[in-house]
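Given next are the chains, with one letter for each unit.
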Amino acid sequence: MTRRPGLSARLKLTISYAGFLLLAGALLLAVVWVFVLRHVPDEDPESIRRKFGGVIIVAANRTDLLRGFAPAAATTLAFLFVFGLLGGWILAGRMLAPLTRIADAARIASNGSLSHRIRIKGPKDEFRELADVFDTMLEQLQSHVTEQRRFAANASHELRTPLAISRTLLDVARNDPTRDQGELIERLHTVNTRAIDLTEALLLLSRGDRRSFTREPVDLSLIAEEATETLLPLAEKRQITLDVTGQTTQTVGSAALLLRMVTNLVQNAIVHNLPAGGTVTINTESQHNTSVLRVENTGHPLPPELVPTLTEPFQRGTERIRTDEHVGVGLGLAIVHSIVRAHDGTLDLTPRPTGGLLVTIRLPEVCPING
Ligand SMILES: Nc1ncnc2c1ncn2[C@@H]1O[C@H](COP(=O)(O)OP(=O)(O)OP(=O)(O)O)[C@@H](O)[C@H]1O
Ligand SMILES: [Mg+2]
């Protein structure tokens with residue numbers, strides 16, 4: 001935005017200081033003048049002398065006084081004005097210095113460098129508070145941008161992998177036409193499915209983040225049942241026992257997204273479980289106007305420091321705990337987190353002391369009658 005040039009804040013403040021000083025000085029002189037006048041008669045010195053019977057006294061009338069007072073008053077006012085200008089300039093400069101630093105920082109940030117911080121020292125005042133708020137904003141902006149860049153880099157990398165594998169498969173087939181076409185098609189199909197899954201996961205993530213979905217009353221316990229039913233064959237294949245318990249609890253949101261959320265959690269609980277004989281417990285309940293969903297599973301012990309990072313996109317846990325053949329994209333929990341946020345809920349991950357994970361989701365509960 002371009003603006004027409006104007007007086008700087010420093011100059012305006014300086015003029016105001018000097019102006020006020022001049023006004024205060026003039027007022028003071030006026031008071032002095034009025035006070036002095038009360039004691040000076042407005043008479044001719046000759047008549048005063050006569051009044052005092054010819055005694056020789058030094059007498060002056062108001063005109064004489066004004067003649068003596070006016071130049072002194074003018075000099076004082078001129079001095080006050082110059083003093084006001086000088087002092088005002090220095091004071092305003094000192095007062096506005098933090099503002100200059102804030103403006104400099106904003107300019108640097110707008111040029112794309114978010115690593116600069118103002119970091120003004122000294123006790124708290126309005127300017128320092130503004131600078132601190134600005135620093136915090138820059139900090140958050142920088143971490144957000146870094147996160148976005150990492151996400152984009154990871155997403156591109158993940159999308160490139162299946163494409164690169166497809167190309168290798170096609171190259172091999174082209175160079176060796178005698179190879180089994182059926183096997184090639186099968187492998188291409190697998191790779192293609194994975195790429196579609198990944199793209200769908202990315203779309204879902206952005207949908208949750210955009211909050212662009214219609215909201216309707218949803219019974220969380222029904223969603224839990226539906227998700228479990230779909231995943232029953234997977235659980236059976238891995239010899240995992242699924243246990244769904246709990247009461248009806250109504251929240252508001254997108255049924256499709258909430259189903260995806262529970263499905264991701266139950267699928268995780270199955271695939272990141274013990275190799276065989278593990279259990280998964282899914283529980284829903286109402287608690288102080290909150291709909292609570294708990295998904296708990298047995299499994300290998302999880303390092304506590306790793307747990308908070310699992311909701312980050314493309315985080316797949318450590319190699320050591322990835323004992324199963326399931327190779328996910330690492331977007332499952334990121335999608336869950338994004339859906340929970342879009343429904344104004346909270347997500348808690350707690351490693352179980354005996355191994356495995358307890359995931360707790362709290363969503364705002366709605367009364368079924370009110371909808
Ligand atoms: N219920 C769980 N029990 C133990 N570990 C888990 C559980 N859920 C997630 N994890 C760990 O968190 C990591 C991230 O999970 P996330 O669902 O985001 O990705 P993923 O399951 O690896 O891949 P996908 O995108 O296919 O879901 C997993 O790789 C796993 O190490
Ligand atoms: Mg997963």
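Rules used in this analysis
Residue positions are given per chain, counted from 1 along the sequence in the order it is written. Labels are handed out in written order, letters beginning with A for the chains and numbers beginning with 1 for the ligands. The model is predicted, so local features are restricted to residues of pLDDT at least 70 and side-chain atom pairs to those at 80 or more, both for listing and for counting; the totals for chains, interfaces and linings are taken over all residues. Working from all heavy atoms in the structure, the side-chain values ignore hydrogens and water. By salt bridge we mean one thing: a side-chain nitrogen of Lys or Arg within 4 Å of a carboxyl oxygen of Asp or Glu. The domain boundaries here were taken from an automatic or database domain assignment. Defined in terms of a 1.4 Å probe, buried area is the accessible area two parts forfeit on being brought together, summed over both. N or O atoms closer than or at 3.5 Å make up a polar contact, with two conditions inside protein: a donor-capable atom paired with an acceptor-capable one, and, for residues adjacent in sequence, both atoms drawn from side chains. Under the scheme used here, helices are H or I runs from DSSP no shorter than 4 residues and strands are E runs no shorter than 2 residues, and both carry numbers assigned from the N terminus. Cavities and pockets were defined on a 1 Å grid built over protein atoms only: a cavity is a set of grid points that admits a 1.4 Å probe from which the probe cannot escape, a pocket is an open set flanked by protein on both sides within 12 Å along at least five of seven lines, and lining residues are those with an atom within 4 Å of any such point. Grid points are joined across faces, edges and corners, and a volume is the space filled by probe spheres set on the points. Charged means Asp, Glu, Lys or Arg here, nonpolar means Ala, Val, Leu, Ile, Met, Phe, Trp, Tyr, Cys or Pro, and polar covers whatever is left, Gly included. Pairing between strands is defined by DSSP: at least two bridges between them are needed. An axis is simply a line fitted to the C-alpha atoms; with a helix, the fit covers only the stretch in contact. Between two such axes, the angle follows the N-to-C directions and lies from 0 to 180 degrees. Note on definitions: a residue-residue contact is assigned when non-hydrogen atoms from the two residues lie within 4.5 Å. Every angle not falling under 35 degrees, over 145, or within 65 to 115 is termed oblique; those three ranges are roughly parallel, roughly antiparallel and roughly perpendicular. Throughout, a crossing is termed right-handed when the near helix is turned clockwise from the far one, and left-handed when it is turned anticlockwise from it by less than a right angle. Relative accessible area decides the class of each residue, using a 1.4 Å probe on protein chains only: under 20% of the type maximum gives buried, over 50% gives exposed, and in between gives partly exposed. Given a helix with a known number of residues, its expected span is that number minus one, times 1.5 Å.

> Would you explain the pattern of salt bridges in this entry?
Side chains that carry opposite charge are capable of pairing whenever their charged atoms lie near each other. Evaluated as defined, the whole model comprises eleven salt bridges. With a closest N to O distance of 2.7 Å, R128 and D125 form a salt bridge.

> Looking at this model, I keep getting lost on the domain arrangement of the protein chain. Mind explaining?
In many analyses, interface size is given as the accessible surface area lost on bringing the parts together. Once the domains are mapped, the protein chain shows domain 1 (9-113), domain 2 (150-210) and domain 3 (216-364). Its C-alpha centre places domain 2 at a distance of 26 Å from the equivalent point of domain 3. Summed over both partners, the interface of domain 2 with domain 3 buries about 1200 Å², with 67% contributed by carbon and sulfur atoms. Linking domain 2 to domain 3 there are two salt bridges. Measuring nitrogen to oxygen at the nearest pair gives 3.9 Å for the salt bridge that ties R150 to E312. For the pair domain 2 and domain 3, the interface holds one residue pair in polar contact (both at pLDDT 80 or more). Looking at the side of domain 2 that touches domain 3, the elements with two or more residues in it are helix 4 (126-175) and helix 5 (181-210).

> How should empty space enclosed by the protein be read in this particular structure?
Gaps between atoms show up when a probe of the same size as a water molecule is rolled over them. All told, the structure shown has one cavity of 30 Å³ or more when counted by the stated rule. Approximately 100 Å³ is the volume attributed to the largest cavity. What lines the largest cavity is L169, V172, A173, D176, R179, D180, Q181, E183, L184 and R187. Across the lining of the largest cavity, the residue classes tally to four nonpolar, one polar and five charged.

> Just to check I follow, could you spell out the sheet that holds strand 6 (residues 346-351) for this structure?
The strands making up a sheet associate through hydrogen bonds between their backbones, and the pairing can be parallel or antiparallel. Strand order across the open sheet formed by five strands is 2-4-5-7-6, with mixed pairing between neighbours. Edge positions in the sheet fall to strand 2 (241-246) and strand 6, since each of these pairs with one other strand and no more. The sheet shows a mean angle of 15° between the axes of neighbouring strands, taken without regard to direction. Examined bridge by bridge, strand 6 and strand 7 (residues 357-364) share six bridges and lie antiparallel to one another. Note on strand 7: the bridge partner recorded for P351 is L357. In this fold helix 7 (residues 255-271) packs onto strand 2, strand 4 (279-287), strand 5 (290-297) and strand 7, with an angle of close to 25° to the strand it touches most, strand 5.

> For this particular structure, what's the right way to read the packing of helix 3 (residues 62-110) against helix 4?
Pairs of packed helices are described in terms of their axes, by the angle between the two and the distance that separates them. At a minimum axis separation of 9 Å, helix 3 and helix 4 run at an interaxial angle of 15°. With respect to their mutual orientation, helix 3 and helix 4 come out roughly parallel. The way helix 3 lies across helix 4 gives a crossing that is left-handed. Of the residues in helix 4, those in contact with M95, L96, P98, L99, I102, A105, A106 and A109 of helix 3 are F127, L130, A131, F134 and L138. The class makeup of the residues in the contact of helix 3 with helix 4 is 13 nonpolar, no polar and no charged.

> Looking at this structure, how should I read unusual backbone geometry?
Non-glycine residue R119 carries a positive phi angle of around 45°. Of the residues examined, R119 reaches a relative accessible area of 59% and is grouped as exposed. Positive phi outside glycine occurs at F314, with the angle close to 70°. Counting through the fold element by element, F314 comes out in the loop between strand 5 and helix 8 (332-342). Of the residues examined, F314 reaches a relative accessible area of 10% and is grouped as buried.

> Can you walk me through the layout of surface pockets in this structure?
In this model, the second largest pocket occupies a volume close to 380 Å³. Going through the elements one at a time, helix 4, helix 5 and helix 8 are the ones with two or more residues in the lining of the second largest pocket. The greatest single-element share of the lining of the second largest pocket, amounting to five residues, is contributed by helix 4. Grouping the amino acids of the lining of the second largest pocket by side-chain chemistry returns five nonpolar, seven polar and four charged. Looking at the lining of the second largest pocket, you find at least three residues from each of domain 2 (150-210) and domain 3 (216-364).

> Sorry, what's going on with helix 5 here?
Count 3.6 residues to each turn of an α-helix, and residues three or four apart come out pointing the same way. The end-to-end C-alpha separation of helix 5 is 43 Å, in line with the 44 Å expected for 30 residues at 1.5 Å each. Those residues of helix 5 lying buried are L184, V191, A195, L198, A201, L202, L204, L205 and G208. Buried positions along helix 5 lie against helix 4, helix 7 and helix 8. Sitting at the amino-terminal end of helix 5 is D180, which places a side-chain oxygen 3.0 Å from the backbone nitrogen of G182. Looking one or two residues past helix 5, R211 carries a phi angle of roughly 60°, positive in sign.

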